[in-house]
Amino acid sequence: VPVKHWLHAFRLRTLTLAVSSIIVGSALAYRFAVLEPTACGFKWIVLVLSLLTAILLQILSNLANDLGDHQHGTDNQDRVGPQRAVQSGAITPAQMKRAMIICGLMAFLSGCALITAALGLTLQTLLFLLLGLAAIGAAVKYTFGKNPYGYAGLGDISVFLFFGILGVCGTFFLHAQTLDKLVVLPSVGIGLLSVGVLNLNNMRDIENDRSSGKRTIPVRIGAERASIYHSRLIIGGIAAIIASTVENYDHPVQWIIVPPLGLILAHWYRETKIRKPQDLDPELKRLAMSTFLTALLFSLGLILA
């Protein structure tokens, strides 16, 4: 299979979202180390291995999603978004399964290296190993296999937990080996904005998902209410990031988050005006990139402050 088909299946544009929580959790650990010099602080090895593990998990999820939606008949000629690799015939189901196994093993090994480097061999290591296995399971079971949770409308909860709460707080803990209240608001903010990206994707695919039996939140509540839900996710995410900045304010440089938050607000305004689901597709890239820029500049502000 040509490399370009695998790169297409990896869906590289989604990787920015996967690493956002890692960047924010690491920056918070750096700030915590400055505020509490006697505490465990930021470690480069944790940052590098966390990024690698998050990227591998996201690729695994994308591959499983490609194969799962093909198996359940969701990827068909009526699909609004870009054509998938298995759907187009560029990659066979057998090849995709092999790639999933390889990627899953790589994510597991990377996760084991991360946990051991951060915590050594302790009881906490076992807990994080179980969380890692849960993350691999969540990546695969979103749309793949029997009774995938994405088809029951539970994808939003999973994204909020793994891209927000567990992503930010877990990364912070691996650095600092403790938790602190300063991680709460950023983890909620990144989590809500990440759910916003998923909701936008599901709003775009609402008609095809409904006909394929994929009961996402927009399918369950309808397009109009899904748009209201989207507004609450976006406003809630922005509010949590701003509240965190105010709560931990030290220097004007921390307000470099304003431009990307402005981009997210502009996206929200455009979304409220869109009436055709297919017109939401460009907004997916914009919201994902704006969320990544928010995470990046929020983290940079913490470090520079």
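None of the values given here were measured: they were computed from a predicted structure. (Residues numbered from 1 in each chain as written. Predicted model: local features only at pLDDT ≥ 70, side-chain atom pairs only at ≥ 80, totals over all residues. Heavy atoms only, no water.)

### Points about the confidence of the model for the protein chain
Counting all residues, the mean pLDDT for the protein chain is 91, and 96% of those residues have values of 70 or more. By mean pLDDT, helix α4 (residues 85-88) is the weakest element of the protein chain at 80, and helix α11 (residues 223-247) is the strongest at 97. (pLDDT = per-residue confidence, 0-100. Helix = DSSP H or I, 4+ residues; strand = E, 2+ residues; numbered from the N terminus.)

### Quick notes on the nonpolar core
Among the nonpolar cores identified, the biggest contains 42 residues, and V24, L28, F172, I264 and F298 are the most heavily contacted of them. Sort the elements by how many residues they give to this core and helix α8 (residues 184-204) lands first, with eight residues. Leave out the neighbours within four places in its chain, and F172 touches G25, L28, A29, F32, Q177, T178, L179, D180, L182 and V183. I59, L60, M100 and V140 belong to the second-largest nonpolar core, a separate cluster that totals 23 residues. (Core = buried A, V, L, I, M, F, W, Y, C linked by side-chain atoms within 4.5 Å. Buried < 20%, exposed > 50% of the residue type's maximum accessible area, 1.4 Å probe, protein only. Contact = heavy atoms within 4.5 Å.)

### What about the packing of helix α5 (residues 93-119) against helix α6 (residues 123-141)?
The N-to-C vectors of α5 and α6 enclose an angle of 155°; their axes lie 10 Å apart at closest approach. Taken together, the axis directions place α5 and α6 in an arrangement best described as roughly antiparallel. In this structure, α5 meets α6 at a crossing whose hand is right-handed. Here M100, G104, F108, C112, I115 and L119 of α5 lie close against α6, whose contacting residues are Q124, T125, F128, L129, L133, I136 and V140. Broken down by class, the residue content of the contact of α5 with α6 amounts to 10 nonpolar, three polar and no charged. (Axes fitted to C-alpha atoms, helices over the stretch in contact; angles between N-to-C directions. Parallel < 35°, antiparallel > 145°, perpendicular 65-115°, else oblique. Left-handed = near helix turned anticlockwise from the far one by under 90°. Nonpolar A, V, L, I, M, F, W, Y, C, P; charged D, E, K, R; others polar.)

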